[in-house]
Amino acid sequence: MYSRYMGNRFYTQFGLKPPPRGYDYHWDEPGVPYLDKNGDPVLRRLDEPIIEIEMGIGFAPTLEEMKRHKQLMDARLAIYGSGDAAEIARLEAEIEALETSAEGMRPLSVSPSSTTAEQASKADHLRKEKYNAALREYGLEHLISYKYRDGL
(Lines give C-alpha, C1' and ligand atoms only; values in the text may rest on other atoms or scores of the structure.)
Protein backbone atom coordinates (compact mmCIF):
# COMPACT_ATOMS: atom_id res chain seq x y z
CA MET A 1 0.00 0.00 0.00
CA TYR A 2 2.79 2.43 0.90
CA SER A 3 4.64 1.89 -2.42
CA ARG A 4 1.38 2.42 -4.33
CA TYR A 5 0.89 5.70 -2.47
CA MET A 6 4.43 6.81 -3.36
CA GLY A 7 3.68 5.95 -6.98
CA ASN A 8 0.58 8.11 -6.85
CA ARG A 9 2.56 10.99 -5.37
CA PHE A 10 5.12 10.68 -8.15
CA TYR A 11 2.49 11.24 -10.85
CA THR A 12 0.45 13.86 -8.99
CA GLN A 13 3.52 16.08 -8.53
CA PHE A 14 3.44 16.48 -12.32
CA GLY A 15 -0.32 17.06 -12.44
CA LEU A 16 -1.03 13.54 -13.70
CA LYS A 17 -3.35 10.79 -12.56
CA PRO A 18 -1.63 7.49 -11.84
CA PRO A 19 -1.68 5.42 -15.05
CA PRO A 20 -3.70 2.21 -15.32
CA ARG A 21 -1.88 -1.02 -14.47
CA GLY A 22 0.48 -2.04 -17.32
CA TYR A 23 0.79 1.53 -18.62
CA ASP A 24 3.03 4.51 -18.03
CA TYR A 25 3.22 7.98 -19.45
CA HIS A 26 5.46 8.81 -22.36
CA TRP A 27 7.97 11.43 -21.18
CA ASP A 28 9.63 14.16 -23.26
CA GLU A 29 12.34 14.34 -20.63
CA PRO A 30 12.47 13.54 -16.92
CA GLY A 31 9.53 15.24 -15.21
CA VAL A 32 7.97 16.49 -18.46
CA PRO A 33 5.19 14.32 -19.88
CA TYR A 34 4.79 14.10 -23.65
CA LEU A 35 1.55 15.78 -24.71
CA ASP A 36 -0.61 15.04 -27.75
CA LYS A 37 -2.01 17.72 -30.10
CA ASN A 38 -4.81 18.43 -27.61
CA GLY A 39 -2.38 18.98 -24.74
CA ASP A 40 -3.24 15.69 -23.04
CA PRO A 41 -0.51 13.42 -21.65
CA VAL A 42 0.09 10.29 -23.72
CA LEU A 43 -0.08 6.85 -22.14
CA ARG A 44 1.89 3.91 -23.49
CA ARG A 45 1.80 0.22 -22.74
CA LEU A 46 4.85 -0.86 -20.79
CA ASP A 47 5.53 -3.68 -23.27
CA GLU A 48 5.51 -1.34 -26.31
CA PRO A 49 8.73 0.25 -27.56
CA ILE A 50 9.10 4.02 -27.60
CA ILE A 51 9.79 5.35 -31.09
CA GLU A 52 11.19 8.88 -31.41
CA ILE A 53 11.43 10.87 -34.64
CA GLU A 54 14.57 12.98 -34.84
CA MET A 55 14.07 16.15 -36.85
CA GLY A 56 16.75 18.27 -38.46
CA ILE A 57 17.98 19.96 -41.60
CA GLY A 58 18.54 17.53 -44.44
CA PHE A 59 17.82 16.76 -48.08
CA ALA A 60 14.13 17.65 -48.48
CA PRO A 61 13.58 17.87 -52.23
CA THR A 62 10.38 18.49 -54.10
CA LEU A 63 9.27 15.69 -56.38
CA GLU A 64 10.91 17.45 -59.35
CA GLU A 65 14.18 17.95 -57.44
CA MET A 66 14.13 14.30 -56.41
CA LYS A 67 13.72 13.18 -60.03
CA ARG A 68 16.59 15.44 -61.10
CA HIS A 69 18.74 14.08 -58.26
CA LYS A 70 18.06 10.51 -59.42
CA GLN A 71 18.98 11.44 -63.01
CA LEU A 72 22.28 12.95 -61.86
CA MET A 73 23.08 9.99 -59.61
CA ASP A 74 22.32 7.53 -62.43
CA ALA A 75 24.45 9.55 -64.87
CA ARG A 76 27.37 9.62 -62.44
CA LEU A 77 27.08 5.88 -61.86
CA ALA A 78 26.95 5.20 -65.61
CA ILE A 79 30.25 6.99 -66.29
CA TYR A 80 32.01 6.31 -62.99
CA GLY A 81 34.31 3.62 -64.40
CA SER A 82 34.99 5.49 -67.65
CA GLY A 83 37.88 7.54 -66.30
CA ASP A 84 36.25 10.82 -67.38
CA ALA A 85 37.27 12.68 -64.23
CA ALA A 86 36.05 16.06 -65.49
CA GLU A 87 32.51 14.80 -66.18
CA ILE A 88 32.38 12.94 -62.86
CA ALA A 89 33.49 16.11 -61.03
CA ARG A 90 30.88 18.18 -62.90
CA LEU A 91 28.10 15.74 -61.98
CA GLU A 92 29.23 15.58 -58.35
CA ALA A 93 29.27 19.39 -58.16
CA GLU A 94 25.74 19.53 -59.62
CA ILE A 95 24.54 16.85 -57.19
CA GLU A 96 26.07 18.72 -54.24
CA ALA A 97 24.52 22.02 -55.38
CA LEU A 98 21.10 20.38 -55.73
CA GLU A 99 21.36 18.74 -52.31
CA THR A 100 22.36 22.05 -50.73
CA SER A 101 19.59 24.02 -52.41
CA ALA A 102 16.98 21.42 -51.44
CA GLU A 103 17.80 21.41 -47.73
CA GLY A 104 15.01 21.90 -45.24
CA MET A 105 13.55 20.71 -41.96
CA ARG A 106 12.60 17.05 -42.20
CA PRO A 107 12.47 13.77 -40.33
CA LEU A 108 16.02 12.42 -40.33
CA SER A 109 15.81 9.22 -38.37
CA VAL A 110 13.91 7.25 -35.81
CA SER A 111 15.33 5.82 -32.65
CA PRO A 112 13.62 3.07 -30.74
CA SER A 113 14.08 2.68 -27.02
CA SER A 114 13.41 -0.99 -26.44
CA THR A 115 14.48 -3.16 -23.59
CA THR A 116 13.31 -6.64 -24.59
CA ALA A 117 13.66 -8.80 -27.68
CA GLU A 118 9.89 -8.64 -28.18
CA GLN A 119 9.98 -4.84 -28.08
CA ALA A 120 12.90 -4.80 -30.52
CA SER A 121 10.97 -6.84 -33.09
CA LYS A 122 7.90 -4.61 -32.69
CA ALA A 123 10.14 -1.55 -32.95
CA ASP A 124 11.38 -2.46 -36.44
CA HIS A 125 7.88 -2.32 -37.88
CA LEU A 126 6.80 0.70 -35.83
CA ARG A 127 9.99 2.63 -36.68
CA LYS A 128 9.38 2.34 -40.41
CA GLU A 129 5.67 3.13 -40.03
CA LYS A 130 6.31 6.23 -37.89
CA TYR A 131 9.14 7.49 -40.13
CA ASN A 132 6.98 7.17 -43.25
CA ALA A 133 4.11 8.97 -41.48
CA ALA A 134 6.48 11.81 -40.56
CA LEU A 135 7.68 12.09 -44.17
CA ARG A 136 4.04 12.32 -45.30
CA GLU A 137 3.33 14.98 -42.68
CA TYR A 138 6.18 17.10 -44.09
CA GLY A 139 4.99 16.62 -47.68
CA LEU A 140 7.94 14.35 -48.49
CA GLU A 141 6.05 11.12 -49.20
CA HIS A 142 7.94 10.83 -52.49
CA LEU A 143 11.07 10.06 -50.43
CA ILE A 144 9.59 6.92 -48.88
CA SER A 145 10.88 4.61 -51.58
CA TYR A 146 13.69 6.87 -52.88
CA LYS A 147 17.25 5.92 -52.00
CA TYR A 148 20.36 8.00 -52.56
CA ARG A 149 23.90 7.60 -51.36
CA ASP A 150 23.61 5.93 -47.96
CA GLY A 151 19.82 6.03 -48.16
CA LEU A 152 17.30 8.25 -46.47
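Data block above holds the structure.
Keep in mind it's a predicted model, so treat the numbers as computed, not measured. Per-chain numbering applies: the sequence of each chain, read as written, is numbered from 1 onward. Only residues with pLDDT of at least 70 are given local features in this predicted model, and only at 80 or more are side-chain atom pairs given and counted; all residues enter the totals for whole chains, interfaces and linings. Side-chain numbers come from the whole structure's heavy atoms, not from hydrogens or water.

Engineer: Now, about the nonpolar core: what can you tell me, with residues and values included?
Structural biologist: To qualify as a nonpolar core, a set must consist of buried Ala, Val, Leu, Ile, Met, Phe, Trp, Tyr and Cys residues joined through side-chain atoms within 4.5 Å. Burial status follows relative accessibility: with a 1.4 Å probe on protein chains alone, a residue under 20% of its type maximum counts as buried, one over 50% as exposed, and anything between as partly exposed. Residues Ile51, Phe59, Ala60, Met66, Ala102, Val110, Ala123, Tyr131, Leu135, Leu140, Leu143 and Tyr146 constitute the largest nonpolar core, which totals 12 residues. Within the second largest apolar cluster, five residues are counted, among which are Met73, Leu91, Ile95 and Leu98.

Engineer: Describe the environment of Phe10, with residues and values.
Structural biologist: Along the chain, Phe10 falls in helix α1 (residues 2–12). Considering only alpha carbons, one finds Phe10 and Gly31, 21 residues apart in sequence, at a separation of 9.5 Å. Each helix is a run of DSSP H or I of at least 4 residues and each strand a run of E of at least 2, with the numbering of both proceeding from the N terminus.

Engineer: I'd like a description of helix α2 (residues 63–79), backed by residues and values.
Structural biologist: Taking 1.5 Å of rise per residue, the 17 residues of α2 would be expected to cover 24 Å, and the 25 Å separating its terminal C-alpha atoms lies within 8% of that figure. Three or more residues of α2 are buried, namely Met66, His69, Leu72, Met73 and Arg76. Taken end-on, α2 shows its buried residues confined to a sector of 125°, consistent with a single buried face. Looking at α2, the residues exposed on the side facing more than 90 degrees away from the buried face are Glu64, Lys67 and Ala78. Whether two residues are in contact is decided by their heavy atoms, any of which lying within 4.5 Å being enough. Buried residues along α2 sit against β5 (50–59) and α3 (85–101). The span you would expect from a helix comes to 1.5 Å times its residue count less one. Within this analysis, the arc is defined by the directions that extend from the helix axis to the C-beta atoms.

Engineer: Describe the environment of Glu137, and please don't skip the residues or the numbers.
Structural biologist: Among the secondary structure elements, Glu137 is positioned in helix α4 (residues 117–137). With relative accessibility at 63%, the residue Glu137 sits in the exposed group. Separated by 30 residues in the primary sequence, Glu137 and Pro107 place their C-alpha atoms 9.5 Å from one another.

Engineer: Explain the pattern of salt bridges to me, and be specific about the residues and the numbers.
Structural biologist: Salt bridge, as used here: a side-chain nitrogen of Lys or Arg that lies within 4 Å of a carboxyl oxygen of Asp or Glu. If you walk through the whole model with that rule in mind, you get five salt bridges. Residue Glu94 is joined to Arg68 by a salt bridge in which the shortest nitrogen-to-oxygen separation is 2.5 Å. In this pair, Glu94 is assigned in helix α3 and Arg68 in helix α2, connecting sequence segments 26 residues apart. Taking the relative accessible area as the measure of exposure, Glu94 reaches 26% and is therefore partly exposed. Between Arg76 and Glu92 there is a salt bridge, with the nearest N and O atoms lying 3.6 Å from each other. In this pair, Arg76 sits in helix α2 while Glu92 sits in helix α3, placing the two residues 16 residues apart along the sequence. By relative accessible area, which is 31% here, Glu92 ends up partly exposed. Taken together, the shared-partner salt bridges connect Arg68, Glu87, Arg90 and Glu94 into one network.

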